[in-house]
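Remarks on the overall topology
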Amino acid sequence: MTHAIVGVGQMGEAILSGLVSAGWNPADITVTVRRDERAQELAQRYGVRRVQLAQAARHSEVLVVGVKPHDVARLLDEVTNDLRKGTVVVSLAAGLTTETLEEHLPGGTPVVRVMPNTPALVGKGMSGISGGRHARPEHVEQVRQMMAAVGRAVVVPEHQLDALTAVSGSGPAYVFYVAEAMVEAGVQLGLARPLATELATQTLLGAAEMLARPGVHPSILRENVTSPGGTTAQALKTLDDYRVRAAFAAAMEACRDRSVELGEH
Ligand SMILES: NC(=O)C1=CN([C@@H]2O[C@H](COP(=O)(O)OP(=O)(O)OC[C@H]3O[C@@H](n4cnc5c(N)ncnc54)[C@H](O)[C@@H]3O)[C@@H](O)[C@H]2O)C=CC1
Ligand SMILES: O=C(O)[C@@H]1CCC=N1
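Residues numbered from 1 in each chain as written. Chains lettered and ligands numbered in written order. Predicted model: local features only at pLDDT ≥ 70, side-chain atom pairs only at ≥ 80, totals over all residues.

**A word on the overall build of the protein**
Tallying secondary structure elements over the protein gives twelve helices and eight strands in all. C-alpha atoms of the protein, sized along the principal axes, occupy 70 × 40 × 30 Å. Across the 265 residues of the protein, 33% fall into the buried class. Long-range pairs, those at least 24 residues apart, make up 67% of the contacts in the protein with a sequence separation of at least 6. (Helix = DSSP H or I, 4+ residues; strand = E, 2+ residues; numbered from the N terminus. Buried ≥ 20, exposed ≤ 12 C-beta atoms within 10 Å, placed from the backbone. Contact = placed C-beta atoms within 7 Å.)

**Side note on the site of ligand 2**
Taken together, A94, T165, G169 and S170 make up all the residues around ligand 2. Counted by class, the shell around ligand 2 contains one nonpolar, three polar and no charged residues. (Near = placed C-beta within 6 Å. Nonpolar A, V, L, I, M, F, W, Y, C, P; charged D, E, K, R; others polar.)

**Brief notes about the UniProt feature "domain: Pyrroline-5-carboxylate reductase dimerisation" (unreviewed entry) in the protein**
Under the UniProt annotation, "domain: Pyrroline-5-carboxylate reductase dimerisation" (unreviewed entry) lies at residues 158-262. With 80% helix and 0% strand, residues 158-262 has end C-alpha atoms that lie 15 Å from one another. (UniProt positions renumbered as here; feature names shortened; annotations may be inferred.)

**Points about the site of ligand 1**
Neighbouring ligand 1 are 24 residues, the closest being G7, G9, M11, A93 and A94. Counting only elements with at least two residues in the shell around ligand 1, the list comes to α1 (10-21) and α4 (69-79). Considered class by class, the residues forming the shell around ligand 1 number twelve nonpolar, nine polar and three charged.

**Remarks on the UniProt feature "domain: Pyrroline-5-carboxylate reductase catalytic N-terminal" (unreviewed entry) in the protein**
Under the UniProt annotation, "domain: Pyrroline-5-carboxylate reductase catalytic N-terminal" (unreviewed entry) lies at residues 4-95. Taken end to end, residues 4-95 has its terminal C-alpha atoms 22 Å apart, with 45% of it in helix and 21% in strand.

**Structural notes on the sheet that holds strand β4 (residues 60-65)**
Whether parallel or antiparallel, the strands of a sheet pair through hydrogen bonds between backbone atoms. One open sheet holds the eight strands; their spatial order is β3-β2-β1-β4-β5-β6-β7-β8, and the pairing between them is mixed. Across the chains shown, the open sheet's two edge strands, defined by having one partner strand only, are β3 (49-50) and β8 (151-155). Pairing analysis gives four bridges linking strand β1 (residues 2-6) to strand β2 (residues 29-32), with the strands arranged parallel. Note that in β2 the partner of V6 across the bridge is T32. (Pairing = 2+ DSSP bridges.)

**Description of helix α8 (residues 171-188)**
Between its terminal C-alpha atoms α8 stretches 26 Å, which fits the 26 Å expected from 18 residues at 1.5 Å a residue. Of the residues one or two after α8, G190 is the one with positive phi, at around 105°. (Expected span 1.5 Å × (residues − 1).)

Structure below.
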């Protein structure tokens with residue numbers, strides 16, 4: 001019995017890489033990909049075996065569906081006749097509800113919806129997890145353990161997954177966006193690009209580690225950097241003048257709404 005990943009793109013590979021780095025035996029993981037070169041690449045990089053979709057459906061304990069939301073229904077329809085009774089189907093797709101997923105699978109199939117993020121690649125992922133109608137607590141726990149191997153994983157009521165997507169699923173992109181903005185601004189100020197990149201990256205890394213310590217709050221950490229009448233106060237006032245906080249609220253609301261919309265089709 002294996003864990004199968006069907007559709008190994010950005011997110012599927014991040015989870016695969018995280019699991020192998022966490023010590024999972026590659027022999028226990030199969031991948032289903034369309035292109036031969038991709039199969040060879042994944043075999044070389046992680047030591048995993050490629051299987052056809054029907055075989056993944058027949059022999060896996062957990063089948064992770066890592067294709068784009070609009071490809072999920074077609075894939076589940078293809079899988080449904082071969083699916084082993086008891087296989088837990090895991091969807092990574094933004095928006096798609098467990099109810100929709102269940103409609104494309106044999107009655108009684110345990111379905112677990114996961115909203116991961118790409119830092120799973122480096123073992124620092126953050127996943128939200130919800131079980132469908134036929135997922136028993138042990139199925140949800142099995143998936144939680146898989147995602148906990150590549151970072152942190154929380155079980156949440158399904159209606160919260162759209163909002164969770166806006167914070168952690170899409171969140172790494174906001175951080176990369178901030179990193180880009182800081183690097184470009186540093187270059188504008190006359191710093192060489194490699195130096196600006198090193199300064200911004202190490203600053204984000206250090207700040208994130210400080211945030212992750214128990215009992216701290218972002219507001220206190222920010223205050224600790226902000227000397228009265230000093231440089232940071234000027235920078236933060238300018239961010240407020242540009243309504244960056246409001247922009248985050250609007251961006252994350254749009255993200256949540258798009259997740260809901262993806263689930264409606
Ligand atoms: N990229 C991210 O940061 C996150 C993505 N997700 C979700 O993960 C899923 C995948 O997203 P990405 O990895 O970004 O997309 P991607 O486009 O990088 O990967 C999807 C992969 O599925 C493959 N594929 C499509 N149909 C297939 C089939 N029938 N058989 C085998 N392979 C097939 C494609 O060739 C591609 O490699 C999406 O549903 C997305 O909503 C969730 C959280 C974060
Ligand atoms: O942009 C997307 O739709 C996916 C889901 C969360 C992150 N990436």
